[in-house]
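Structural overview
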Amino acid sequence: MSAQLENNHILFLATLAFGGLLAAFTVAKRWHTTSPPPPPGPPSYPLIGSWLSLPRCAPWIAYVKWSRDYDSDLVSFNAFGQRSVIVNTAKAAQVLLEQRSAIYSDRPTWTVIDLSGWDWFLGFMPYSERWRVRRRIFRKTLGEQVCPEYRPIQYKMAENMIKWLYSDPKDFQRYMSLTAAWLTLSLAWGYDAKPHDDPIVEKTEVAVAMAVQNTMPGASVLNEIPLLSRLPHWFPGMGYKLRASECKTLTNEILHGPIKAVKQSLADGTAGISIASKLLREGGLDFQAEMAIAESVGSVFSGESGYEHQIRDVANLPLFVYPAGAETTGGTLHFVVHGLVLNPHVQRCAQEEIDRVVGRGRLPRLDDRPALPYVGAILRESMRWHTVVPLGLPHKTTEDDIYDGYLIPKGTMVFGNIWAITHDPEKYEDPTSFKPERFLQNDGTLNDDEAPAVFGFGRRVCPGKCIADSSLWIAVASLLAVFDLNLAKDGDGNMIPVKDAVTEGLTSRPQPFECSIVPRDSTAEALIKSLA
Ligand code: HEM
């Protein structure tokens, strides 16, 4: 055991020495060449680079300040030899992440993510034929063309949300998350998650939280120095490894559970619409054609037969939906409630619109959407006001590039700062205020600003955009149709203030807060009670 410890120690020191040499070499190379400088950023030191200067809280806001200080659309830093560039303006994002998307669409390799058994997740997959095939299958099963087929699930989601909120309004934050979890599990496998103690919801929430924590810049030293992953989990600072292995076990359990139920329901003839049932039943032929393309391109799949890929992909594909969709959709619903509670006049305007167009006898439907622009403006503003993925997912360059005289070398991690783009005061006056009207034209119709940055950029743009947007719209419209949302009162009848504070990580949502959610009146209560 002590010899092993000594070996590991030597390995650790060798890694540090190697890293130091690498950093020194990088610095020396920069001094002695005439290549353009990287985008500006904090000072860099041997080995660690600018790691000590990395903002530990609200980095998306800190990076905007860096942009102001350095007077540049782009800022950058180097941590342990890995350069990251932050794109802080819509103009630069348009050029780099959209127009030059062909060389900005790779993803970094996160050692901790691989150790966690999350290499199957589309969002973390390198830009490769493997990614392209899965993305095409995703589009076929959940893209814009097929999105309307999932309406029954979306309406059921909204009805569930209303019933849960009516029965237990104090626990609204849990129910907002559950609404999103229910939606994604239902889309994935037709799985009807229970409102309490659902095993799949519980396991998936834990696994997702573990996985996403490990992707933030500076989250784990293993991401910066992958060689350290050879050290044992009990070695000081290697706790990440243990958590990664727990995450892997949990993820495997989730991956293999619900697909069996879908196969059974297809055999019984009871399967409803879901991505899994589409893949197994309706999508069979197309799916096989996609897999044939995948096999013809090679090495990723070497050693496995097409049938095995197919089974593995059918099992894994629906699972993309939960990590990508539950946290984002749930977080947005939290921000909608947050914005509405702080702005009762916005609720009144929306309710007036819904009553006029839909009446009081039914819930709004997606066919009503064009006639309810104010509700649409509330959704856009909620997503702009507090972006749920403030820094998006990191892209990685596959070639050297130059922008504004700065070099962005091949292998750079590039973050589109979605928060900065949606809080640009030149585009959005008073950007920290919640003002749905900013998305309306003088005649009351929606303008053409759909705040697209919230769904990311270029070839990696969110493929769940259509289903997310329509599901959120139906949830917001239904919520406003039947409930009033107000500040909660304490025991003495005083209003409990709600802070405008958010959680931090890869995704963001409001800090826990209290509010009162009550049926608007007896007509609304009767409608709620009529929901089957
Ligand atoms: C409010 C809801 C949502 C928001 C704000 C959102 C936002 C994003 C963002 C910013 C990205 C990264 C894009 C980039 O790299 O530039 C992304 C990726 C992704 N999203 Fe969404 N998303 C939402 C809902 C969903 C839903 C419901 C699904 C699935 C049904 C989904 C599936 C995905 C997937 C699979 C990726 C990875 C794509 C890739 O790397 O190729 N998202 N999303």
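Sequence order as written defines the numbering, with residues in each chain counted from 1. Restriction of local features to residues with pLDDT of at least 70 applies here, the model being predicted, together with a cutoff of 80 or more for giving and counting side-chain atom pairs; totals for whole chains, interfaces and linings are based on all residues. The side-chain figures draw on all heavy atoms in the structure; neither hydrogens nor water molecules are used.

- As annotated in an unreviewed UniProt entry, the protein chain carries the name Cytochrome P450 and is attributed to Dentipellis fragilis.
- UniProt positions are given in the numbering used here, feature names are shortened, and annotations may be inferred rather than shown by experiment. As its UniProt record puts it under Cofactor (unreviewed entry), the protein chain is described as follows: "heme".
- Its UniProt record gives the protein chain the following Pathway (unreviewed entry) comment, quoted word for word: "Secondary metabolite biosynthesis."

Things to note about the site of the ligand
- For the ligand, the set of nearby residues contains 28 residues, the closest of which are W131, R135, H395, R460 and C462.
- At 2.8 Å, a side-chain N or O of R107 approaches an oxygen atom of the ligand.
- Nitrogen and oxygen atoms within 3.5 Å of one another constitute a polar contact, given that in protein one can donate a hydrogen and the other can accept it, and given that sequence-neighbouring residues count only through two side-chain atoms. Side-chain polar atom of R135 to an oxygen atom of the ligand: 2.8 Å apart, as the coordinates give it.
- Broken down by secondary-structure element, the contributors of at least two residues to the shell around the ligand are α5 (129-142), α15 (321-342) and α19 (465-482). Distances are taken per atom, and a residue is near a molecule or strand as soon as one of its heavy atoms is within 4 Å of it. Secondary structure elements follow DSSP: runs of H or I of four or more residues count as helices, runs of E of two or more count as strands, with numbering from the N terminus.

What to know about the pattern of salt bridges
- Salt bridges, as used here, are contacts in which a Lys or Arg side-chain nitrogen is within 4 Å of a carboxyl oxygen on Asp or Glu. The tally for this structure, following the rule as stated, stands at 21 salt bridges.
- Note that R348 and D484 form a salt bridge whose closest N and O atoms lie 3.0 Å from each other. Of this pair, R348 sits in helix α16 (residues 344-358) while D484 sits in strand β7 (residues 483-487), and the two are 136 residues apart along the sequence.
- Only protein chains enter the accessibility calculation, which uses a 1.4 Å probe. A residue is then buried if its area is under 20% of the maximum for its type, exposed if over 50%, and partly exposed in between. Residue classification places D484 among the buried residues on the basis of a relative accessible area of 16%.
- One salt-bridge network, held together by shared partners, links D355, R360, R520 and D521.

Let's talk about the coordination of the iron atom of the ligand
- Only nitrogen, oxygen and sulfur atoms within 2.8 Å of the metal, or 3.2 Å for Na, K and Ca, are treated as donors, and water is left out, so sites may look incomplete. Looking at the protein side alone, the iron atom of the ligand has one donor only, C462 (SG), at 2.3 Å.
- With respect to the helices, strands and loops of the structure, C462 is situated in the loop between α18 (418-422) and α19.

Description of the packing of helix α17 (residues 373-385) against α19
- What counts as an axis is a line fitted to C-alpha atoms, over the stretch in contact for a helix, and the angles between N-to-C directions run from 0 to 180 degrees. One can describe the packing of α17 onto α19 by two numbers: an axis separation of 10 Å at closest approach and a directional angle of 115°. Crossing of α17 over α19 shows right-handed handedness. Contacts between α17 and α19 involve V375, G376, I378, L379 and M383 from the former and D469, L472, W473, V476, A477 and L480 from the latter.
- Each residue belonging to the contact of α17 with α19 can be placed in one class, and the counts come to 9 nonpolar, 1 polar and 1 charged. Left-handed describes a crossing whose near helix is turned anticlockwise from the far helix through less than a right angle; right-handed describes the clockwise counterpart. By definition in these notes, contact holds between two residues if any of their heavy atoms fall within 4.5 Å. Polar here means any residue other than Ala, Val, Leu, Ile, Met, Phe, Trp, Tyr, Cys and Pro, which are nonpolar, and Asp, Glu, Lys and Arg, which are charged; Gly is therefore polar.

Here's the deal with the packing of α15 against α19
- Close contact between α15 and α19 brings their axes to 11 Å; oriented N to C, the two are set at 30°. The handedness of the crossing between α15 and α19 is right-handed. Each of T329, T332, L333, V336, V337 and L340 in α15 lies in contact with α19, whose residues at this interface are L472, A475, V476, L479 and L480.
- Of the residues in the contact of α15 with α19, the class split is 9 nonpolar, 2 polar and no charged.

Points about the packing of aromatic side chains
- What counts as a ring pair is set by centres within 6.5 Å for rings of Phe, Tyr and Trp (its six-membered ring), and what kind of pair is set by the plane angle: stacked under 30 degrees, edge-to-face over 60, tilted for all other angles. Enumeration according to the criterion identifies 10 aromatic pairs in this entry.
- Centre to centre, the rings of Y63 and F77 are 6.2 Å apart; their planes meet at 20°, and the pair counts as stacked. Taken as a pair, Y63 in helix α2 (residues 59-70) and F77 in strand β1 (residues 74-79) lie far apart in primary sequence, 14 residues in all. Across this residue pair, the class does not change: Y63 and F77 are buried.
- When the centroid spacing of 5.2 Å and the interplanar angle of 55° are considered together, the rings of Y127 and W131 count as tilted. Take Y127 and W131: they sit in the same class, and that class is buried.
- Site record: aromatic cluster; members linked through ring pairs are Y63, W66 and F77.
- Geometrically, a lysine NZ or arginine CZ counts as sitting over a ring once it is within 6 Å of the ring centre and also within 35 degrees of the ring normal. R56 extends its terminal NZ or CZ atom over the ring of W51, reaching a point 4.8 Å from the ring centre.

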